[in-house]
There are 2 protein chains.
Amino acid sequence: MSKQPPHPALLIPGPIEFDDAVLDAMSHYSESHVGQPFVNTFSEVLAMLRKLFQTTDPASQPIVLSGSGTLGWDQVAANLVEPGEEALVLHTGYFADSFADCFETYGVKATQLKAPIGERPQLDEIEEALKEKKYKVLTVTHVDTSTGVLSELKALSELVHKVSPETLVVVDGVCSVGCEEIRFDDWGLDVVLTASQKAIGCPAGLSILMVSGRAIEVFKARKTRPTSYFGSWKNWLPIMQNYEAKKPSYFATPSPQLIHALHTSLSQILSRPLEQRFADHRATSQKIKKAITELGLKQLASKPENQANGMTAIYLPEGITPPQVLPSLMKKGVIFAGGLHKEIATKYVRFGHMGVSVTDPRRSDIDTAIEALKEGLIEVGYKKA
Amino acid sequence: MSKQPPHPALLIPGPIEFDDAVLDAMSHYSESHVGQPFVNTFSEVLAMLRKLFQTTDPASQPIVLSGSGTLGWDQVAANLVEPGEEALVLHTGYFADSFADCFETYGVKATQLKAPIGERPQLDEIEEALKEKKYKVLTVTHVDTSTGVLSELKALSELVHKVSPETLVVVDGVCSVGCEEIRFDDWGLDVVLTASQKAIGCPAGLSILMVSGRAIEVFKARKTRPTSYFGSWKNWLPIMQNYEAKKPSYFATPSPQLIHALHTSLSQILSRPLEQRFADHRATSQKIKKAITELGLKQLASKPENQANGMTAIYLPEGITPPQVLPSLMKKGVIFAGGLHKEIATKYVRFGHMGVSVTDPRRSDIDTAIEALKEGLIEVGYKKA
């Protein structure tokens, strides 16, 4: 069994620290991608994803492809929307700009509804936008990794179903699945897309989606063929259905090692009630946000209800920049990320608090990081006002 | 260090058996995708790929993305050809049909030049086709995994450069890079695309390409934007150039663990002269093909010059099917693949002989497999005529 060598705690908003057993699964001996043992493993992964996303509707379909989280955007743009159709993109940071750019690549018109940095579009603005035009999909970034702003899914989805019932509700859950509550069926979501390397706790390399039966019907009713080949659900839906039914099947070769690692991380997550997992992330997030406030620092996310539970974007004190403070943290064994939102990238840092760093009581990553931030800021000349 | 548990030898035409050190690298502790240690590793991987593809032209560009080998087709179709343009697809098996389908997805007209099963299109036919119409790209499957037919690249590329000098030469090297000689510069190739899990000897999950300076100029001269987002070279070329220059850079999150494993497998490959590696694969292939002939069996690939050196597709004796013989091999600790070419899938099996099973003198996979095939056929009633 692998025992990880000493290394700085990776506390960026993904990739995160991984459990030993997950990393062990990465070095699984080679298996045939169409052999029964691997197909059984893939089948169990898909079944576990249903539990993670809290869907029991047999019409829902989990999809796992080799790729980055970004490939989830391509899957939505190439399968659910046809060229010339419209998407409404709710903007809470960098990743909405990119998702909109992805839509445009596929000939889909993307309209962004932007909020000021640290805020999220309000329901009344969204209602107004939905009434103005017919949108095939609405997209929302559940947690924007560039700002740490948390969007509200339940009320949003209710609004969309009420005001524009044909519009599909698409959630970018790259930085939320596994640490923020998501009730796929109860909230009437159509797509939640994510990646393996954040709160799911498996190394990067997998694009993971849950798609509703309603979205699959919309896909099947396309007048034009999907506009991606590798990301085409025409190619992948039969494969995923076969995998889940434990039937060997081939379109493109999956990564058996990454699927084994995902199997291990999902098994660990589901070994405890999901409610408890989300509560742990909330409690740790509260502790971090309290410490940051006590340090006299502000977050990008403006108020408690729009602050993510798996990461915190922290404004640095006036005159202190990420290139000053990050190396100081690194010396104390902690890696934070710099800013990503281009308008203010030099003014803030990002602290990821997801997965084993939060849930494993044997780890002291979070306390070490809070202490390192306090000391690191003092070292670079910060005095609390 | 991982010591793999006992398991059947995976001798399908990819994924292949992996070296312990490569699997160990898969369980590397978590690193930031924009941290200097990981960026340095990625940089070295790109430099090693230049050596593997035998290119010293600084205008060439290696690209490594998270994905399956199939994603390489999307990259070609979405970046090098514009909607309405034409591709000539040389057909030696299943994978040409799929590559053509990929082109059509992106609005590119694909004309297939087909050879009978076990053959490859002849140079005079190709010359005729090139003179009939202007093709933006010509694609050739170096080794078609469904048939084991080897294409000849050097003379083909010379022909294209002579007859239709503006046509880009695109090689699907998924089942050839690392076991068949490829001289990217000397042979005037424009793209060679491959995947990690075959003769490169790294677990699946990476799409790997080498692109010529000429192809990059053609890409830059596009009139329309690339028709993929995740596979767009507009998004990825600056990132790959930054990685190679050891500058942190971000478009989508790569898989640090897979990149570490690729680093290990490439280091192993390049620790010996490439000539020797190719000679080893040729010698092992000859030994296997001789044994098969002695068993009274025929290959799909019709003659020595079109037979791959990293795999052998073997017709089963009349009346014996893959579902009879494969379980018998499995009991003897050997996994072969069934047929894949849809017209004759039930009539043949495929034996992959790439990577450590060939090059590691401590392994007896190949001899075990030859023996298992002999005994397995006898068990299911085969008597040599």
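Just above, that's the structure.
Below, the structure is looked at part by part. Predicted model only: the values in this text are computed from it and were never measured.

**Considerations on the packing of aromatic side chains**
And then number 1: One pass over the full model with this rule turns up 24 aromatic pairs over all chains.
And then number 2: Ring geometry for Phe42 of chain A and Tyr243 of chain A: centres 4.2 Å apart, planes at 20 degrees, overall stacked. Of this pair, Phe42 of chain A sits in helix α2 (residues 36-52) while Tyr243 of chain A sits in helix α8 (residues 233-244); the two residues are 201 residues apart in sequence, bridging distant segments of the chain. Summarising the burial analysis for this pair, Phe42 of chain A and Tyr243 of chain A share the class buried.
And then number 3: Taken together, Trp73, Tyr94, Phe95, Phe99 and Phe103 of chain A together with Tyr229, Phe230, Trp236 and Phe251 of chain B form an aromatic cluster joined through their ring pairs.

**Looking at the nonpolar core**
And then number 1: Among the nonpolar cores identified, the biggest contains 184 residues, and Leu49, Val64 and Phe103 of chain A together with Leu49, Val64 and Phe103 of chain B are the most heavily contacted of them.
And then number 2: Sequence-distant contacts of Val64 of chain B, defined by excluding residues within four places in its chain, comprise Phe42, Val45, Leu46, Leu49, Leu206, Ser207, Ile208, Met240, Ile259 and Leu262 of chain B.

**Side note on the packing of α2 of chain A against helix α9 (residues 256-270) of chain A**
All names here are of chain A.
And then number 1: Viewed as axis vectors pointing N to C, α2 and α9 meet at an angle of 40 degrees, and their least axial separation amounts to 9 Å. With respect to each other, α2 and α9 are oriented oblique. Once α2 is placed against α9, the crossing between them reads as left-handed. Across the interface between the two elements, Phe38, Thr41, Phe42, Glu44, Val45, Met48, Leu49, Lys51 and Leu52 from α2 touch Pro256, Ile259, His260, Leu262, His263, Leu266, Ser267, Ile269 and Leu270 from α9.
And then number 2: Along the lines of polarity and charge, the residues of the contact of α2 with α9 split into 12 nonpolar, 4 polar and 2 charged.

**A short note on the sheet that holds strand β13 (residues 337-338) of chain A**
All names here are of chain A.
And then number 1: Reading across the sheet, the 3 strands line up as β11-β14-β13 and stay open at both edges, with antiparallel pairing between neighbours. Each having just a single partner strand, β11 (311-315) and β13 make up the two edges of the open sheet.
And then number 2: Pairing geometry for β13 and strand β14 (residues 348-352), over 2 bridges, is antiparallel. Bridging from a neighbouring strand, Ala337 pairs with Arg350 of β14.

**Topic: helix α5 (residues 123-132) of chain B**
Residue and element names in this part refer to chain B.
And then number 1: Burial in α5 covers these residues: Ile126, Ala129 and Leu130. The buried residues of α5 occupy one face: seen down the axis, they fall within an arc of 100 degrees. Opposite the packed face of α5, turned more than 90 degrees from it, sit the exposed residues Asp124, Glu128, Lys131 and Glu132.
And then number 2: Those residues of α5 that are buried are in contact with β3 (86-91), β4 (109-114), β5 (137-141) and α6 (153-163).

Cut-offs and rules
Residues numbered from 1 in each chain as written. Chains lettered and ligands numbered in written order. Predicted model: local features only at pLDDT ≥ 70, side-chain atom pairs only at ≥ 80, totals over all residues. Heavy atoms only, no water. Phe/Tyr/Trp six-rings, centres within 6.5 Å; stacked < 30°, edge-to-face > 60°. Helix = DSSP H or I, 4+ residues; strand = E, 2+ residues; numbered from the N terminus. Buried < 20%, exposed > 50% of the residue type's maximum accessible area, 1.4 Å probe, protein only. Core = buried A, V, L, I, M, F, W, Y, C linked by side-chain atoms within 4.5 Å. Contact = heavy atoms within 4.5 Å. Axes fitted to C-alpha atoms, helices over the stretch in contact; angles between N-to-C directions. Parallel < 35°, antiparallel > 145°, perpendicular 65-115°, else oblique. Left-handed = near helix turned anticlockwise from the far one by under 90°. Nonpolar A, V, L, I, M, F, W, Y, C, P; charged D, E, K, R; others polar. Pairing = 2+ DSSP bridges. Arc of directions from axis to C-beta.

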